[in-house]
Amino acid sequence: MIVMGIESSCDETGVGIVRRREDGTCELLADEVASSVDQHARYGGVVPEVASRAHLEAIVPTMRRALAAAGIERPDALAVTIGPGLAGALLVGVAAAKAYAAAWDVPFYALNHLGGHVAVDTLEHGPMPPSVALLVSGGHTHLLHVTSLEQPIVELGSTVDDAAGEAFDKVARLLGLGYPGGPALDAIARDGDPSAIAFPRGMTGPRDARHDFSFSGLKTAVARYVEKCAREDRAVPIPDVAASFQEAVADVLTMKALRACGDLGVDTLVLGGGATANSRIRSLAAERCEAAGVTLRVPKPRLCTDNGVMIAALGAHVVAGGARPSPLTVATDPGLPV
Ligand code: KG4
Ligand code: ZN
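- As annotated in an unreviewed UniProt entry, the chain is tRNA N6-adenosine threonylcarbamoyltransferase from Rhodococcus rhodnii LMG 5362.
- Per its UniProt entry, the chain bears the Subcellular location (unreviewed entry) comment "Cytoplasm".
- Comment text from UniProt for the chain, heading Catalytic activity (unreviewed entry), reads "L-threonylcarbamoyladenylate + adenosine(37) in tRNA = N(6)-L-threonylcarbamoyladenosine(37) in tRNA + AMP + H(+)".

See below:
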């Protein structure tokens, strides 16, 4: 069974192809991504219309490249991200998937982007035991409870304001580090002292029973600190600010993820989303998982960011689980919950 996955929810046009083997594991046959990130840099964030136009130009060539890389003419099933994401961007991938599914006469599956971020881990680390998943990117920050990829995923919490990656990008911009600023901030934080400035840890009190996150207070605290430096006419200690901010984000994310594991009695934590490329989020997650006896599963960075392989991997599980194909009349759902 060969499944093609199409992803176009944000600024990446991704087409992935996987083969599901008899033993339930998947083999990666193609992973093609065309990104419009450079076109958004001058605006300091993703511009929906620019992203949609870029998807439109990239979708068919990216599908062709994926088919060529996999050495096939058509897959046995087609899966696509139906939501959550940018409305116009989603529409391009979904329209292409429907058209090709109809032309090839193969079953069509409309899938949730967030499930894809979890499922992609099975390509590298095999079948997934009951887990807590922490997804952090520019668009989302979620804690999820995964009993199995064939069962509905339960949302434990999400951000009530900014996504963690968005906070990285906004703070990086404040520090003059460009866009997307997460990787640059990560690099400069290596020269800083993570305990130099005590930035706030949002929603970590004992009364925050739901596993939600808040990063806007932290972002504001960094802005106030930078303003204070200007008022006092002293240079902003950029590496210290970056390291202290990064430490606050990594502390909150990993603390809440492990608290969720403890509350649910789950002993596997899966990371996903572009911001899990962050070196401190990775190292603190590893440290705290080891201390708590929790197994940590982190896909390689290329598979953590948005791509088509994650949708193909989820599609392979969904097909194998016996789910019925989606009707070709299904609509995109930009606000799709987990
Ligand atoms: O998953 P992704 O490629 O796209 C979506 O937002 O869906 O994630 C991109 C986000 C950006 O906000 C970027 O700044 C952040 O992930 N990011 C990082 C790092 N690498 C990427 N944030 C912090 N440290 C990094 N090393
Ligand atoms: Zn994503």
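### Section: the pairing of strand E2 (residues 12–20)
In step 1: By the criterion of burial, E2 is predominantly enclosed, with eight of the nine residues buried.
In step 2: Pairing geometry for strand E1 (residues 2–7) and E2, over six bridges, is antiparallel. Paired with Ile 2 across the strands is Arg 19, a residue of E2.
In step 3: As consecutive antiparallel partners, E1 and E2 are separated by four residues.
In step 4: Strand direction decides the pairing type here: E2 and strand E3 (residues 26–35), joined by nine bridges, are antiparallel. By the bridge assignment, Val 15 is partnered in E3 with Glu 32.
In step 5: From the end of E2 to the start of E3, which pair antiparallel, there are five residues, and Gly 24 there has a positive phi angle of about 90°.

### Points about the domain arrangement of the chain
In step 1: Along its sequence, the chain is carved into domain 1 (2–120 + 307–320) and domain 2 (130–300).
In step 2: For domain 1 versus domain 2, the distance between C-alpha centres works out to 27 Å.
In step 3: Taken together, the twelve residues of domain 1 in the interface contact 17 residues of domain 2.
In step 4: Going through the elements one at a time, helix H1 (37–41), helix H4 (113–119) and helix H12 (309–320) are the ones with two or more residues in the side of domain 1 that touches domain 2.
In step 5: The greatest single-element share of the side of domain 1 that touches domain 2, amounting to five residues, is contributed by H4.
In step 6: Broken down by class, the residue content of the side of domain 1 that touches domain 2 amounts to eight nonpolar, four polar and no charged.

About the criteria used
Residues numbered from 1 in each chain as written. Chains lettered and ligands numbered in written order. Predicted model: local features only at pLDDT ≥ 70, side-chain atom pairs only at ≥ 80, totals over all residues. UniProt positions renumbered as here; feature names shortened; annotations may be inferred. Buried ≥ 20, exposed ≤ 12 C-beta atoms within 10 Å, placed from the backbone. Helix = DSSP H or I, 4+ residues; strand = E, 2+ residues; numbered from the N terminus. Pairing = 2+ DSSP bridges. Domains from an automatic or database assignment. Contact = placed C-beta atoms within 7 Å. Nonpolar A, V, L, I, M, F, W, Y, C, P; charged D, E, K, R; others polar.

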